[in-house]
Amino acid sequence: MNTNKKQYTTDSGIAIKACYDQPVAMQEQPGSFPFTRGVHEEMYRERLWTMRQYAGFSTAEASNERYHFLLNQGVMGLSVAFDLPTQIGYDSDHPMSEGEVGKVGVAIDSIEDMEILFKGINLQDISTSMTINATGFILLAFYIALAKRQGADIKKLSGTIQNDILKEYAARGTYIYPPTPSMRIITDIFEYCSKEVPKWNTISISGYHIREAGANAVQELAFTLSNGKSYLEAALAKGLDINIFAQRLSFFFNAHNNLFEEVAKFRAARRMWAHITKELGATDPKAQMLRFHTQTGGSTLTAQQPQNNIVRVAIQTMAAVLGGTQSLHTNGFDEALSLPTEQAAGIALKTQQIVAHESGITQTVDPLAGSYFVEQLTNDMEAAANELIAKIDAMGGAVKAIEQGYIQEEIAKSAYAYNKAIEDGSKIIVGVNKFTNKEVNDTPLLKIDDSIREQQSEKLRLLRSKRDAAKAAASIESIKAAATSTTNLMPIVIEAVENLCTLGEISDALRAVWGEYKG
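Just so you know, these numbers come straight off a predicted model, no measurement behind them. (Residues numbered from 1 in each chain as written. Predicted model: local features only at pLDDT ≥ 70, side-chain atom pairs only at ≥ 80, totals over all residues. Heavy atoms only, no water.)

Student: Report on the overall build of the chain, specifying residues and quantitative values.
Tutor: The number of helices and strands found in the chain is 20 helices and 11 strands. Computed over its C-alpha atoms, the radius of gyration of the chain comes to 23 Å, within 12% of the 24 Å expected for a compact globule of 519 residues. Reported as C-alpha extents along the three principal axes, the dimensions of the chain are approximately 70 × 60 × 50 Å. Within the chain, the proportion of its 519 residues that are buried is 57%. A separation of at least 24 residues holds for 78% of the contacts in the chain among residues at least 6 apart in sequence. (Helix = DSSP H or I, 4+ residues; strand = E, 2+ residues; numbered from the N terminus. Rg over C-alpha atoms; globule rule 2.2 N^0.38 Å. Buried < 20%, exposed > 50% of the residue type's maximum accessible area, 1.4 Å probe, protein only. Contact = heavy atoms within 4.5 Å.)

Student: Give a detailed account of the state of the cysteines, specifying residues and quantitative values.
Tutor: Here the structure, examined in full by the defined rule, presents 0 disulfides. No disulfide involves C193; its nearest neighbouring cysteine sulfur is the one of C501, lying 20 Å away. On the basis of relative accessibility, which here comes to 1%, the residue C193 falls in the buried class. The buried category is assigned to C501, whose relative accessible area is 1%. (Disulfide = S-S within 2.5 Å.)

Student: Describe unusual backbone geometry, naming the residues involved and giving the relevant values.
Tutor: In the segment running from F33 into P34, the intervening peptide bond is cis, with an omega of 5°. Among the structural elements, P34 can be located in the loop between β2 (15–16) and β3 (50–55). A positive phi angle is found at Q305, which is not glycine, with a value near 45°. The residue Q305 is located in the loop between β10 (292–296) and α12 (308–322) in this model.

Student: With reference to specific residues and values, describe helix α10 (residues 259–279).
Tutor: Under the 1.5 Å per step criterion, the end-to-end length of α10 is 31 Å for 21 residues, consistent within 8% with the ideal 30 Å. Immediately beyond the C-terminal end of α10, within one or two residues, lies G281, with a positive phi of roughly 110°. (Expected span 1.5 Å × (residues − 1).)

Student: Lay out the packing of helix α4 (residues 136–150) against helix α19 (residues 489–498) with the relevant residues and their values.
Tutor: Running from N to C, α4 and α19 point in directions that differ by 65°, and their axes come no closer than 9 Å. Note on packing geometry: the crossing formed by α4 with α19 is right-handed. Contacts between α4 and α19 involve F137, I138, L140, A141, F142, I144, A145 and K148 from the first element and M490, V493, I494, V497 and E498 from the second. The class makeup of the residues in the contact of α4 with α19 is 11 nonpolar, no polar and 2 charged. (Axes fitted to C-alpha atoms, helices over the stretch in contact; angles between N-to-C directions. Left-handed = near helix turned anticlockwise from the far one by under 90°. Nonpolar A, V, L, I, M, F, W, Y, C, P; charged D, E, K, R; others polar.)

So this is what it looks like as structure tokens:
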């Protein structure tokens, strides 16, 4: 038992205990299986969640400037957004990249871009989350190679790559390769990082994008955990030890406006994952814990009356914290209109800081535990999600369910029903279908210059002119050879990026072997 001697009180001086027991029928404790009440005994009394801000736009230079601003404002971890060409494996000078370079994230073509992105930032001293999937292994290779350039001990690097390809097939679409080789890349990352970068979270199994595509809370929970089961089973089939690799799996959930439903979703997720991992052979409690990052709901933001989004984000922040998140990104109020401005990003971060230091909800663990409503809702969420998971299991698992279109169809039905409810007025969205007014939207927007592609293309030209062409070509051939064998790809890709091979060249090498998935 942790003997934390610090005393906590309300503003009125009322003493606050670390933990209030639930009704006799349910006496679970935080930090103990099945972790419904949290993965740590003291939760935020001992350590606050990591306050991340998702940022990345334009060039590496511009994004680096934003990162330094956020770090100076008190951000505890960086979260990198990449542009669409980077996400789907095209260099900025590729014809497919035209019109998209730097638009929805930062353009990263080579290790030199990565070096600029983190200029003045010691990778060993921060935690970095990278929202990247199909090319996640390449961005991780850039990051590891850069850390080595900095003289860092890569065994001390901490962070996360999203690396969740199944939700790309189901909900988002930034996949490259067919499912089987894509799953092979993921298990190669599990294997490599468990030995070489043991503090790195090798996957962030994402419900966020499933929810953004139109899923409801139960579907987000079920489809996310079902994908998680598939990753566990793929790693076990490769002969990996679940008690080791499962400790580095994390999750990424959405937070919407229905406060109690969201809290119940997070509580149910921990309990369900604990049982899933145990059934698959996990005996170490750390391998049974569901740790998760949360981002406030992008699809809940409105272009109408955008300042209302500040309140929405505050509610969603409370839901994530009351639900026991390990890290959190809060959206800017202007993100229904453009990438967030510096002002909007600052307000979003301050929202987290106010909840952390002024609300009092961090002073006790799982503050809504024992509420008849919340406990029942947690049980109901679990039962409904397990019913969906059983259907997916009967189809042969998440990969088969995606290939059959089941998950995509269920998300589409939910999205249709939600939008129909807004249109007929049964679902009220303030400022959209009720309490509207005529307004002139003068919210300042962040605009990305189309000349970014020219700048990135010139960088690529210079890189290719100065590198050892023979070494780069040999690295590409090594990648192709490894793709047709069982050799772990990660060391070969790291060597390739050190030899100044580009993201697009590495992606194309694997396209030549595996082809592209057409859906």
